[in-house]
Structures are given as C-alpha cells and as structure tokens.
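Report on the structure
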Amino acid sequence: MWKPVLFFSVWLSMTMPLLLIAVFTIFQPFLAFDESGIILLGILLIITIGNVYLASRVWTRIEKKLYQRKHFM
C-alpha cells in the first residue's frame, strides 16, 4: 500500500518542476499577454493530468513485472 504512494510522490516531485520549466519556456509568448492567469492555470492543469497519467502507466508496468517475478506488493 505504501509503495505506490512513495512512487507517485517521488515521481511527481522530480518531474513536475522540469515539465513546468519546459512548458512555460515554450509558451512564454502566450503567457505574456494573459493578465488574468487563466491560460497559466489551464496549462498547469493539462500538464499535471498528463504527468499523473504517465506515472500511473509506469507504476502499472512496474507492478506487472514484480508480479511476474513473484515479488508481490
């Protein structure tokens, strides 16, 4: 039970800053004209959902390999 929580916390703490730096550097011209911050929040939401989806796919693959090797969680 604690292994998925640990994996997700480490995954998100390592990848979210890198993703946000990369995406906000690319979309900086769009963000310069937005005074309300709606585009910023939308981009942040999309990036976070994509990152959590990717982390769940990676965890499922790790869990499947551990199950095949008979190292149950």
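Structure's up top.
Here is a short report on the structure shown in this document. (Residues numbered from 1 in each chain as written. Predicted model: local features only at pLDDT ≥ 70, side-chain atom pairs only at ≥ 80, totals over all residues. Heavy atoms only, no water.)

**With respect to the packing of aromatic side chains**
- Under the counting rule described, the total for this entry stands at 3 aromatic pairs.
- Centre to centre, the rings of Phe7 and Phe8 are 5.9 Å apart; their planes meet at 85°, and the pair counts as edge-to-face.
- Classification of Phe8 by relative accessible area gives partly exposed; the value is 22%.
- Residues Phe7 and Trp11 carry aromatic rings whose centres are separated by 5.8 Å and whose planes lie at 35° to one another, so their mutual orientation is tilted. (Phe/Tyr/Trp six-rings, centres within 6.5 Å; stacked < 30°, edge-to-face > 60°. Buried < 20%, exposed > 50% of the residue type's maximum accessible area, 1.4 Å probe, protein only.)

**Describing a nonpolar patch on the surface**
- The grouping of Trp2, Leu6, Val10 and Met14 at the surface amounts to a nonpolar patch, some 440 Å² of accessible area in total.
- Structurally, Met14 can be placed in helix α1 (residues 2–26). (Patch = residues over 30% accessible without salt bridge, like charges linked within 9 Å, V, L, I, M, F, W, Y side chains within 5 Å. Areas by Shrake-Rupley, 256 points an atom, 1.4 Å probe, with all protein chains shown as cover. Salt bridge = Lys/Arg side-chain N within 4 Å of Asp/Glu carboxyl O. Helix = DSSP H or I, 4+ residues; strand = E, 2+ residues; numbered from the N terminus.)

**Quick word on α1**
- With 25 residues, α1 should reach 36 Å at 1.5 Å per residue; the first-to-last C-alpha distance of 36 Å fits that figure.
- At Thr15, α1 shows its strongest bend, of approximately 30°, with the proline Pro17 following within four residues.
- Looking at α1, one finds that the buried residues are Phe7, Thr15, Met16 and Val23.
- Elements in contact with the buried residues of α1: α3 (38–68). (Expected span 1.5 Å × (residues − 1). Bend = angle between axes of the 7 residues up to and from the residue. Contact = heavy atoms within 4.5 Å.)

**Points about a positive patch on the surface**
- On the surface, a cluster of positive charge is made up of Arg57, Arg61, Lys64, Lys65 and Arg69.
- If you trace the backbone, Lys65 turns up in helix α3.
- The exposure class assigned to Lys65 is partly exposed, which follows from its relative accessible area of 47%. (Lys, Arg positive; Asp, Glu negative; His and termini not counted. Charge placed at Lys NZ, Arg CZ, Asp CG, Glu CD.)

**Quick look at the packing of α1 against α3**
- Contact pair α1 / α3: the axes reach a minimum separation of 9 Å and the direction vectors enclose 140°. Accordingly, the angle class assigned to the pair α1 and α3 is oblique. The interaxial crossing formed by α1 with α3 has right-handed handedness.
- The residue makeup of the contact of α1 with α3, split by class, is 20 nonpolar, 4 polar and 1 charged. (Axes fitted to C-alpha atoms, helices over the stretch in contact; angles between N-to-C directions. Parallel < 35°, antiparallel > 145°, perpendicular 65-115°, else oblique. Left-handed = near helix turned anticlockwise from the far one by under 90°. Nonpolar A, V, L, I, M, F, W, Y, C, P; charged D, E, K, R; others polar.)

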